[in-house]
Amino acid sequence: MEQRPLYFDANATTPVHPEVLSLMRPYLEEEFGNPSSSHRWGQKAKNAVDEARFQTAAVLGCSTTEVVFTSSGTEANNLAILGFFSAEAEKRESPLKRLDAHCVTTMIEHGSTLDTFRWLENWGIGLTRVAPDRSGRVSAEAVAAALRPNTILISVMQVNNETGVVQPVQAISALARDRGIAFHIDAVQGTGKLPVSADSLGGDFITLAAHKAEGPKGCGVLYVRRGRRLSPILHGGSMDGNIRGGTHDVPAIVGCGAALIRSDSYRLESAGKAPLRDRFEAAVLRGIPDAAVNGAGADRVWNTSNISFPGVPGEALLARLDLAGLAASRGSACAAGNAKPSHVLAAMDLPRELVNSAIRFSFLPSVTEGDIDRGVEITVACVQGLRKR
Ligand SMILES: Cc1ncc(COP(=O)(O)O)c(C=O)c1O
């Protein structure tokens with residue numbers, strides 16, 4: 001009998017929870033109104049968006065006026081960074097090029113943060129990318145050392161998507177607050193894995209994406225602390241306090257609110273599952289003794305194992321794993337299919353051979369001991385098979 005394929009790619013995305021799907025469905029069918037319309041269809045849709053905003057605010061522990069819905073985590077990161085700089089340029093009545101401003105981020109951020117900062121850098125904004133240590137953790141001290149008198153924004157992720165390493169965002173937040181610098185936290189990979197309340201994280205802007213915790217793709221959230229100003233990057237609508245134009249994607253927003261509200265349950269389902277990840281890593285290392293677990297020395301979320309298999313090309317291994325019934329990834333979902341080596345592992349100063357052979361395995365809370373053991377068998381066999389060629 002053919003066995004069910006194993007999905008070890010939860011950091012890319014997760015299946016939509018059936019309860020979430022059933023709440024979304026009416027807004028794809030009979031309740032199809034545009035929330036900006038004043039008639040009854042519009043009002044039903046508006047009520048649904050209001051409810052999702054309320055649910056999202058409850059998870060963030062903030063006011064509903066501090067919640068902005070976007071099309072993705074990527075858009076929320078772009079909005080936080082570009083929106084902040086546009087607002088600053090407007091406030092100072094200065095073109096971006098003459099802003100005399102500097103920002104600090106890390107070398108291990110998601111592409112949606114790094115590429116947005118790169119774009120700003122091309123427009124003359126100063127940028128420092130702080131390196132992590134060998135275990136993939138960026139220290140608050142390293143961020144402090146990168147600050148300059150004209151630093152106005154810091155952006156650091158809560159959890160790295162490739163290694164699962166948890167970053168010290170609370171300490172960085174205290175630092176930013178002391179210096180009066182705005183702080184953006186990309187909490188996309190914390191969504192459903194760690195608490196993401198605005199007060200516990202401490203950021204001025206926080207990005208969430210419910211599709212990492214059984215919500216739908218196509219919806220992101222940006223928390224904007226009261227008193228912080230952002231200019232829109234999508235113009236032409238008065239939605240979300242004039243910060244983000246565009247007709248709301250009602251089904252996705254409904255699903256996002258519902259998934260965030262149940263993200264505590266999602267987190268609880270995985271409570272006590274870290275030993276499964278450790279079991280996976282220990283067994284893979286027994287089978288392939290020269291394999292290396294990246295980020296092993298740091299505090300990591302329970303579900304992520306990033307493992308290098310020296311001498312084995314990562315792309316070839318990924319394809320073989322897929323054929324053998326195991327879906328994993330080389331790193332960020334957006335980087336998949338492009339054979340570029342991981343910028344995260346390279347920033348950790350790992351030898352090229354470890355960077356080129358790394359695979360990210362990321363587990364859903366429903367993973368069982370049996371899945372883990374089968375995953376080990378497949379992985380070891382695929383690595384050995386490629387080494388024999
Ligand atoms: C850390 C991090 N930030 C941002 C994103 C982008 O989120 P989205 O896929 O919703 O655009 C991802 C997606 O994997 C991510 O892992």
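Residues numbered from 1 in each chain as written. Predicted model: local features only at pLDDT ≥ 70, side-chain atom pairs only at ≥ 80, totals over all residues. Heavy atoms only, no water.

### A look at the pattern of salt bridges
Side-chain pairing between opposite charges can occur once the charged atoms of the two side chains come close. We apply this condition: Only one rule defines a salt bridge in this text: a Lys or Arg side-chain nitrogen within 4 Å of an Asp or Glu carboxyl oxygen. The numbering of helices and of strands both runs from the N terminus, where a helix is a DSSP run of H or I of at least 4 residues and a strand a run of E of at least 2. Burial status follows relative accessibility: with a 1.4 Å probe on protein chains alone, a residue under 20% of its type maximum counts as buried, one over 50% as exposed, and anything between as partly exposed.
A full pass over the atoms with the stated rule returns 24 salt bridges. Notably, a salt bridge pairs Glu 369 with Arg 279, separated by 3.7 Å at the nearest N-O pair. Linking Glu 369 in helix 15 (residues 369-388) with Arg 279 in helix 11 (residues 274-287), this pair joins segments that are 90 residues apart in sequence. On the basis of relative accessibility, which here comes to 45%, the residue Glu 369 falls in the partly exposed class. Within this structure, Glu 19, Glu 214, Arg 262 and Glu 269 form a network of salt bridges that share partners.

### A short note on the environment of Lys 212
Threshold: It only takes one pair of heavy atoms within 4.5 Å for two residues to be counted as in contact. For the purposes of these results, a polar contact is taken to be a pair of N or O atoms within 3.5 Å, where, inside protein, one atom must be able to donate a hydrogen and its partner to accept one; residues adjacent in sequence count only when each atom of the pair is a side-chain atom.
With respect to the element layout, Lys 212 can be found in the loop between strand 7 (205-208) and strand 8 (220-224). For Lys 212, the contacting residues outside a window of four places in its chain are Asn 11, Ala 12, Thr 14, Val 188, Gln 189, Thr 191 and Tyr 266. Of the polar contacts made by the side chain of Lys 212, one reaches the backbone oxygen of Asn 11; its length is 2.9 Å.

### Some points on helix 6 (residues 169-179)
The cut-off we apply is this: As used here, the arc belongs to the directions running from the helix axis to the C-beta atoms.
If you check which residues of helix 6 are buried, you get Val 169, Ile 172, Ser 173, Leu 175 and Ala 176. Viewed end-on, helix 6 has its buried residues packed into an arc of 160 degrees, placing them on one side of the element. Every exposed residue of helix 6 that faces more than 90 degrees away from the buried side is listed here: Arg 177 and Asp 178. In this fold, the buried residues of helix 6 make contact with helix 5 (140-146), strand 5 (151-157), strand 6 (182-186) and helix 7 (198-201). The positive-phi residue at the C-terminal boundary of helix 6 is Gly 180, with phi of around 70 degrees.

### Quick word on the site of the ligand
This is how it is decided: When at least one non-hydrogen atom of a residue lies within 4 Å of a molecule or strand, that residue is treated as near it. Here the open area of atoms and residues is found with the Shrake-Rupley method and a 1.4 Å probe, where only the protein chains shown may cover a residue. By the convention adopted, Pro, Cys, Tyr, Trp, Phe, Met, Ile, Leu, Val and Ala count as nonpolar, Lys, Arg, Asp and Glu as charged, and the other residues, Gly among them, as polar.
Taken together, 14 residues form the shell around the ligand, and within it Gly 73, Thr 74, Asp 186, Gln 189 and Lys 212 come nearest. A distance of 3.1 Å separates an oxygen atom of the ligand from a polar side-chain atom of His 211. For the ligand, an oxygen atom lies 2.6 Å from a polar atom in the side chain of Lys 212. For the ligand, whose free accessible area comes to 390 Å², the fraction covered by protein is 92%. If one sorts the elements of the shell around the ligand by residue count, helix 3 (residues 73-91) sits on top with 3 residues. Counted by class, the shell around the ligand contains 3 nonpolar, 9 polar and 2 charged residues.

### Looking at the sheet that holds strand 9 (residues 292-294)
In plain terms, the rule: Note on pairing: two strands pair once DSSP finds at least 2 bridges between them. To obtain an axis, a line is fitted to C-alpha atoms, over the contacting stretch when the element is a helix, and the angle between two such axes runs from 0 to 180 degrees between their N-to-C directions.
Here we have 3 strands laid out as an open sheet, ordered 9-10-12, and antiparallel in their pairing. Edge strands, defined here as strands with exactly one partner in the open sheet, are strand 9 and strand 12 (358-362). Averaged over neighbouring strand pairs, the angle between their axes works out to 35 degrees when direction is ignored. Pairing of strand 9 with strand 10 (residues 304-308) involves 3 bridges; the strand directions are antiparallel. Bridge pairing in strand 10 links Ala 292 to Ser 308.

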